[in-house]
Structures are given as structure tokens and as C-alpha cells.
Amino acid sequence: AYEIKECDWSSDVCSSDLALIRIVAGRVSQEVSGFGADTGWSSDFEKMKRLIGKYYVDAGLKSELWGTSLDKDGNLVGSEKKKEYFEELIVQEITEAQEKAREFLTTNQGLVRFLAAQLVKKQSLTGEEFEMLKKYYLGKPLTATESEVMKSRFNGAKSKSAPRGARSEEHTSE
């Protein structure tokens, strides 16, 4: 199974494939849950296109794209043949990211549902809260500060929607 490794999502520390998976995961989770694409997909597509361009064009990692550049909108400036190749590359990279995200999300449905339930309850989660809830769900030890946040903000994260296999009540920080 594909595993998404630890990554600092707030910076460019991630490799491009992990960043693409992160961007496309929201859309894939909607699809897995039976929902259609929302208006955010267009924005996500543009982000992915720019990331792919940055990786392959600006960094020169595809010799087929050497001698090209990206305009201010992220479109390839080059011959029609190179533009066509770039468009095919975008489709290929996004498709691969979708497949990896789908695999991760379907093999970790319990975690995804648990995090979604917390998000619905609280309306928003910071990156730190997301990571803390993930640690909590997976049974990893929490710091004293994280335990306090769990008590105050998440009421020990007890949730009727937390699936079987989630941390049992005897492991809560209460």
C-alpha cells in the first residue's frame, strides 16, 4: 500500500508528488464519498499545473521541455509539440496523484472519517491539530500540551462517528 510520508505541508519541503497528492486528496475524498467536483477543483488544478511546471520546466527535470518557460499564468511557452507534451505530462502526473490519494484514503477510511467528524464539529482545524488528532487516532503518545488540547478543544476526541479500530475510550486523555 502507498504510504504518505511525513511532510511539512506549509512549505516546499515536500517532493512534488507528495504535494500533488495533498492537493488532489480533497477532490478524491469527495469522489470516494460519492460527491461531485466542487468549484475548488479549478483552483486546485491550477495549483497542480504550476507545481508540475515548476518541477519539470523551471527546474529542467524533463529534457523534452528544455528551452521552454512558463508564462505568468503557468502556461508553457514553446512549440506546439512541447505544449502538447506538457499537457500530457500534467494529465499523467495528476492521474498518478489521484490513484495514490485514492489508495491512501480507501485503506485509511477510519482515520479519514475520524478526522472528518472532528472537522465537522469544530468547523476548522489547524495543521497542528490535524497532526495531533492523527497521532491520537493511531494510538501514538501525545505530549502533555497535546493532551491538554485534546481535553479542552476536542473533549478527548470522543466521537460517535469514530469507527471501530479508533482509539478506545480507555486511551483517551480524560
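Here we summarise the structure given alongside this text. Just so it is clear, the model here is predicted, and its values are computed rather than measured.

Things to note about the overall build of the protein chain
For the protein chain, the helix and strand inventory stands at six helices and two strands. Each helix (α) and strand (β) of the protein chain, taken in turn from the N terminus, gives the series α-α-β-β-α-α-α-α. Buried residues in the protein chain amount to 32% of all 174 residues. A separation of at least 24 residues holds for 49% of the contacts in the protein chain among residues at least 6 apart in sequence. By element, 52% of the accessible surface of the protein chain is carried by carbon and sulfur atoms, the whole surface being about 10,800 Å².

Observations regarding the environment of Glu 99
On the secondary structure map, Glu 99 appears in helix α3 (residues 80-107). For Glu 99 and Ile 21, which are 78 residues apart along the polypeptide, the C-alpha to C-alpha distance reads 8.8 Å.

With respect to the side chain of Glu 93
Mapped onto the fold, Glu 93 is located in helix α3. Buried charge without a partner: Glu 93 forms no salt bridge, and the closest opposite charge is Lys 62, 6.1 Å away. Among residues more than four places away in sequence, those in contact with Glu 93 are Leu 20, Ile 52 and Tyr 56.

Observations regarding the nonpolar core
Core analysis: the largest hydrophobic core is formed by 19 residues, its most contacted members being Val 24, Met 48, Ile 52, Leu 65 and Phe 86. By residue number, the principal contributor to this core is α3, which donates seven residues. In this view, Leu 65 contacts Tyr 56, Val 57, Leu 76, Lys 82, Tyr 85, Phe 86 and Leu 89; residues no more than four positions away in its chain are not counted.

Remarks on the pattern of salt bridges
In this structure the tally under the stated criterion is seven salt bridges. Ionic pairing is found between Glu 31 and Arg 102, a salt bridge with its closest N-O pair at 2.6 Å. Taken together, the positions of Glu 31 in helix α1 (residues 16-32) and Arg 102 in helix α3 put the pair 71 residues apart, joining distant regions of the chain. A salt bridge links Lys 151 to Glu 148, with the shortest nitrogen-to-oxygen separation between them at 4.0 Å. Of this pair, Lys 151 and Glu 148 both sit in helix α6 (residues 144-154), three residues apart, which is roughly one turn of that helix.

Brief notes about the environment of Leu 76
On the secondary structure map, Leu 76 appears in strand β2 (residues 76-77). For the pair Leu 76 and Val 57, spaced 19 residues apart in sequence, the C-alpha to C-alpha distance is 8.4 Å. Those residues in contact with Leu 76, other than ones at most four positions away along the chain, are Val 57, Leu 65, Thr 68, Ser 69, Leu 70, Lys 82, Lys 83 and Phe 86.

Some thoughts on α3
Spanning 28 residues, α3 covers 41 Å between terminal C-alpha atoms, matching the ideal 40 Å at 1.5 Å per step. For α3, the complete set of buried residues consists of Phe 86, Leu 89, Ile 90, Glu 93, Ile 94, Ala 97, Gln 98, Lys 100, Ala 101 and Leu 105.

Let's talk about the packing of helix α5 (residues 127-138) against α6
Axis separation between α5 and α6 bottoms out at 11 Å; the angle between their running directions is 100°. Judged on the interaxial angle alone, α6 and α5 are roughly perpendicular. Counted together, Glu 129, Met 132, Leu 133, Lys 135 and Tyr 136 of α5 and Glu 146, Val 149, Met 150, Arg 153 and Phe 154 of α6 form the full contact between these two elements. Split by residue class, the contact of α5 with α6 holds six nonpolar, no polar and four charged.

A word on the packing of helix α2 (residues 40-58) against α3
Two numbers describe how α2 lies on α3: the axes approach to 10 Å, and their chain directions differ by 115°. Judged by the inter-axis angle, α2 sits roughly perpendicular to α3. Our pair here, α2 against α3, has a crossing hand that is right-handed. Contacts between α2 and α3 involve Trp 41, Phe 45, Met 48, Lys 49, Ile 52, Gly 53, Tyr 56 and Val 57 on the former and, on the latter, Phe 86, Glu 87, Leu 89, Ile 90, Glu 93, Ile 94 and Gln 98.

Criteria and thresholds
Residues numbered from 1 in each chain as written. Predicted model: local features only at pLDDT ≥ 70, side-chain atom pairs only at ≥ 80, totals over all residues. Heavy atoms only, no water. Helix = DSSP H or I, 4+ residues; strand = E, 2+ residues; numbered from the N terminus. Buried < 20%, exposed > 50% of the residue type's maximum accessible area, 1.4 Å probe, protein only. Contact = heavy atoms within 4.5 Å. Areas by Shrake-Rupley, 256 points an atom, 1.4 Å probe, with all protein chains shown as cover. Lys, Arg positive; Asp, Glu negative; His and termini not counted. Salt bridge = Lys/Arg side-chain N within 4 Å of Asp/Glu carboxyl O. Core = buried A, V, L, I, M, F, W, Y, C linked by side-chain atoms within 4.5 Å. Expected span 1.5 Å × (residues − 1). Axes fitted to C-alpha atoms, helices over the stretch in contact; angles between N-to-C directions. Parallel < 35°, antiparallel > 145°, perpendicular 65-115°, else oblique. Nonpolar A, V, L, I, M, F, W, Y, C, P; charged D, E, K, R; others polar. Left-handed = near helix turned anticlockwise from the far one by under 90°.

So yeah, pure geometry; function would need other evidence.
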